Amino acid sequence: MLLSLPPYVCACMDTLEQAGFEAWAVGGCVRDLLRGVMPHDYDVTTSAPPGEVLRLFPHAAPTGISYGTVSVVMQEGIIEVTTFRTEADYQGFRRPECVCFANHLQEDLARRDFTVNAMAYAPARGLYDLFSGQEDLKRGVIRAVGEPGRRFEEDALRVLRAFRFASQLDFSIERVTLDAALSWAGNLAYISAERVAAELLRALYGLRPSRLLPLLRSGALSFCGVNAPASFPAEPFDHLPQSLPLRLASLCFLCGAQATRVCAALKLGNALRREAEAYERQLRDPLPQTGRELKERFSILPPECWWDLLRARSLLFKEQTQPLRALCEEIQRRQEPWRLSQLAVDGSDLQALGIPPGRELGALLQALLHIVLEHPEWNTRKTLLQIAQGAEH
Ligand code: ATP
Ligand code: MG
């Protein structure tokens, strides 16, 4: 079995091997190479203790040193190099009480979550696949490494990770693993919001987000306000555009939850929250009927998001959105103004007419915007100044 690791990853592994240690590419990068997908990053597991890794590489940072992880900075990218480890007792359903370094690759692979994530590869030794990950990869199956119940009991985040990988890869979750995941799912409530959010968002963004449904229906995510009804439309949900805020808004809407509350519970950033709220509002409100109404809505949800929104509405509500899509394109093609900065006049033009800065001037600009929303052809300096002068008298 020959996998093509990039030269900089091979160089990093060579340095470790020449110093007398074992080094293996491991986890997601091996899984992705076997699937014929370009890995987005590379993890290396090694018998070298973290201190040795730091010593061997001139540009290395002890980014996760308590977990044995050193980030090795190469010109082409950063490689996370982690010393073989096992995890002993778990606390709070998540963090191992202590991290114990291991002597053998086998132990390191045995602590990993799923068989498809527990393969290692070294150019000189080939693929090391202790748990038949390759077979599960071929069959499209997520299966826990070891005894599923124990693995989910140790770390409840693995429950969500199982659904995340199922969605990302469009894999099914093997029966025993699925049953165990659902029976330990309640412990997700004890995991930090940030970690839950990171996995949930990746699952939502995946190839088949409806793979999440058994978890969403189990009530285990009620702590963040998400609880899917039996009527949740799985098939349309899978075909939503790959826009994270739109998918999040759709999830909230379909679960009868408020995006604001879900985002707060998951401690999501303001930008994502605002976008999800904007989509959510446009999912709740009836569609605009006229070009003017549509342009008014642009201040809530900008024009570039409407294509995705309309696609979502036609999928979820079976609405006929083609006419509105055409209207949206037409407005953009003609560059019809819909916000103050697009007016052919600005505050200083109005001040030149003798209107003092302040509330009155702001109201006049708004009035002009209302006029051009209806009559985009009037958005010229001359016409707007005439209108403004008329309004003054
Ligand atoms: P991605 O390509 O999406 O990053 P990944 O498999 O690299 O997927 P990571 O979250 O980056 O996923 O984790 C790297 C590896 O570490 C996994 O492949 C898995 O072997 C192991 N791992 C990560 N989190 C856990 C966990 N909670 N329990 C057990 N093993 C884990
Ligand atoms: Mg990764």
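Above this text you will find the structure in question.
Note that the coordinates shown come from a computational prediction; the quantities given were computed from them, not determined experimentally. (Residues numbered from 1 in each chain as written. Chains lettered and ligands numbered in written order. Predicted model: local features only at pLDDT ≥ 70, side-chain atom pairs only at ≥ 80, totals over all residues. Heavy atoms only, no water.)

1. Let's talk about the environment of Leu-54
(1) Moving on: With respect to the secondary-structure elements, Leu-54 resides in helix α3 (residues 50–56).
(2) Moving on: Overall, the relative accessible area of 30% leaves Leu-54 in the partly exposed class.
(3) Moving on: Note: C-alpha distance between Leu-54 and Val-70 (16 residues apart in sequence) is 7.0 Å. (Helix = DSSP H or I, 4+ residues; strand = E, 2+ residues; numbered from the N terminus. Buried < 20%, exposed > 50% of the residue type's maximum accessible area, 1.4 Å probe, protein only.)

2. Examining the nonpolar core
(1) Moving on: Within the largest apolar cluster, 120 residues are counted, with the highest numbers of intra-cluster contacts made by Ile-142, Leu-212, Leu-215 and Leu-350.
(2) Moving on: It is helix α7 (residues 157–169) that provides the largest number of residues to this core, a total of eight residues.
(3) Moving on: In this view, Leu-215 contacts Val-159, Leu-160, Phe-163, Leu-182, Ala-185, Leu-188, Ala-220 and Leu-221; residues no more than four positions away in its chain are not counted. (Core = buried A, V, L, I, M, F, W, Y, C linked by side-chain atoms within 4.5 Å. Contact = heavy atoms within 4.5 Å.)

3. Comments concerning the site of ligand 1
(1) Moving on: Of all residues adjacent to ligand 1, which total 17 residues, the nearest are Arg-31, Arg-158, Arg-161, Arg-164 and Arg-202.
(2) Moving on: A distance of 2.7 Å separates a nitrogen atom of ligand 1 from a polar atom in the side chain of Arg-158.
(3) Moving on: Calculation on ligand 1 without its partners gives an accessible area of 590 Å², and the protein chains cover 83% of this total.
(4) Moving on: Counting residues per element, the ones that place at least two in the shell around ligand 1 are α2 (28–35) and α7. (Near = heavy atom within 4 Å. Polar contact = N/O pair within 3.5 Å; in protein donor to acceptor, adjacent residues only side chain to side chain. Areas by Shrake-Rupley, 256 points an atom, 1.4 Å probe, with all protein chains shown as cover.)

4. Quick look at the sheet that holds strand β11 (residues 126–128)
(1) Moving on: With mixed pairing, the seven strands of this open sheet are ordered in space as β3-β4-β5-β2-β1-β10-β11. Looking at strand neighbours, the two that pair on one side only are β3 (60–64) and β11, the edges of this open sheet. Averaged over all neighbouring strand pairs, the angle between strand axes comes to 35 degrees, with direction disregarded.
(2) Moving on: Here strand β1 (residues 23–26) runs beside strand β10 (residues 120–122); their pairing, made up of two bridges, is antiparallel. The residue bridging Ala-25 from the neighbouring strand is Tyr-121, located in β10. (Pairing = 2+ DSSP bridges. Axes fitted to C-alpha atoms, helices over the stretch in contact; angles between N-to-C directions.)

5. Some remarks on the packing of aromatic side chains
(1) Moving on: What the rule picks out here adds up to eight aromatic pairs.
(2) Moving on: Between Phe-114 and Phe-165, the ring centres sit 6.1 Å apart and the planes meet at 70 degrees, which makes this aromatic pair edge-to-face. Of this pair, Phe-114 sits in the loop between α4 (105–110) and β10 while Phe-165 sits in helix α7; the two residues are 51 residues apart in sequence, bridging distant segments of the chain. The two residues Phe-114 and Phe-165 agree in class, both being buried.
(3) Moving on: Ring geometry for Phe-298 against Trp-338: centres 5.6 Å apart, planes inclined by 80 degrees, an arrangement best described as edge-to-face. Of this pair, Phe-298 sits in the loop between α15 (291–297) and α16 (306–317) while Trp-338 is found in the loop between α17 (322–333) and α18 (347–352), placing the two residues 40 residues apart along the sequence. Note on accessibility: Phe-298 and Trp-338 belong to one class, buried.
(4) Moving on: Site record: aromatic cluster; members linked through ring pairs are Phe-114, Phe-152 and Phe-165.
(5) Moving on: One residue, Arg-125, lies across the ring of Trp-24, its end atom 4.3 Å from the ring centre.
(6) Moving on: Note that Arg-325 overlies the ring of Trp-307, its terminal NZ or CZ placed 5.0 Å from the centroid. (Phe/Tyr/Trp six-rings, centres within 6.5 Å; stacked < 30°, edge-to-face > 60°. Lys NZ or Arg CZ within 6 Å of the ring centre and 35° of its normal.)

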